[in-house]
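# A structural walkthrough
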Amino acid sequence: MASPAKLILTLSMCFHLAPDAADSAKILSVAFISSKSHKITYEPLLYELAARGHDVTIANPFVSGKNRTNVREIRTIEYSEEMMGNLFEKKLRGEEIVNPFKLIDVLYKNCEGTYDLPAVRQLIDEKFDLVFVSALMNECTAGLVHKLNTSVILISPVSAPSHVATVLGNPSPTSFVPHLLIPFEDRMTFWERTANFLVHSIWDLLMFYYIQPTMAELYRQKLHDPNIPLYNEVLRQHTSLIL
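Quick caveat: nothing in here was measured; it's all calculated off a predicted structure.

Looking only at helices and strands, one finds 11 helices and 6 strands in the protein chain. The buried share of the protein chain, reckoned over its 243 residues, is 41%. A sequence separation of at least 24 residues applies to 58% of the contacts in the protein chain between residues at least 6 apart. Of the roughly 13800 Å² of accessible surface on the protein chain, 58% is carried by carbon and sulfur atoms.

Right, here's the structure in full:
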């Protein structure tokens, strides 16, 4: 008679070698605001999940246009230079890249148009086991995420935005973590730390008291549900991991 240890080992090997279809998951990756350079940082992960038998849906302004097994792509509203200008040319000219007070107009128009897309609205009626959400400037997705009511993994192509890190219980110390909008290094002078603290504080106040409530008002209207929480509360309820 086989020992319990050998029996457990044999059963474990059988389960490991069993067809992946039995354990396949339905996964959604969603980004209402994105760029190609942001998407390519996590795109290989999505394709590998699909290659391992999982059903992957990608809702993004940029689609590959290629037919891949287990991959469905939904094109959302593509970023255009009319929205914010050419960010790379602005950086080369030394101009302000993102004006936070103009950013809300870009986010609002993008959010409004994306929720009007039939393919996006149909996602609400589907059941997903896991949702990947871009953590950068995607507060608008909170309405969709709340309706799907499943586990969330946040993906950020840069360091976690300060307001997101704070909500998830891992605030960024401003003494050595520079805000993603300013070109400081971790070793800052006193004046750089002061400027960094002010930028962090202003950004978080803008997010918590202006951008998030504005986005919430819009997605509540679009999804006909006045009880959908703010973005930060949706993150607290559903986020399991941030990459």
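There is more to say after this.
Moving on, we get to the packing of aromatic side chains. By the definition in use, this model includes 2 aromatic pairs. A centroid spacing of 5.3 Å and a plane angle of 90° characterise the contact between F32 and Y115, whose relative ring orientation is edge-to-face. On the criterion of sequence distance, the pair formed by F32 in the loop between β1 (26-30) and α2 (36-39) and Y115 in helix α6 (residues 100-115) is long-range, its members being 83 residues apart. For the pair F32 and Y115, a shared accessibility class is recorded, and that class is buried. In this structure, K26 packs its charged tip against the face of F128, placed 5.2 Å from the ring centre. The ring of Y47 has R68 lying over it, and the distance from NZ or CZ to the ring centre is 3.9 Å.

What follows deals with the environment of N196. As for its position among the elements, N196 is in helix α10 (residues 190-222). Residues N196 and H179, 17 residues apart in the sequence, show an inter-C-alpha distance of 6.4 Å. Apart from the residues within four sequence positions on either side, N196 is in contact with T174, V177, P178, H179, I182, F184 and M188. Among the polar contacts made by the side chain of N196, one reaches the main-chain carbonyl oxygen of T174 at a distance of 2.7 Å.

Scoring rules and cut-offs
- Residues numbered from 1 in each chain as written.
- Predicted model: local features only at pLDDT ≥ 70, side-chain atom pairs only at ≥ 80, totals over all residues.
- Heavy atoms only, no water.
- Helix = DSSP H or I, 4+ residues; strand = E, 2+ residues; numbered from the N terminus.
- Buried < 20%, exposed > 50% of the residue type's maximum accessible area, 1.4 Å probe, protein only.
- Contact = heavy atoms within 4.5 Å.
- Areas by Shrake-Rupley, 256 points an atom, 1.4 Å probe, with all protein chains shown as cover.
- Phe/Tyr/Trp six-rings, centres within 6.5 Å; stacked < 30°, edge-to-face > 60°.
- Lys NZ or Arg CZ within 6 Å of the ring centre and 35° of its normal.
- Polar contact = N/O pair within 3.5 Å; in protein donor to acceptor, adjacent residues only side chain to side chain.

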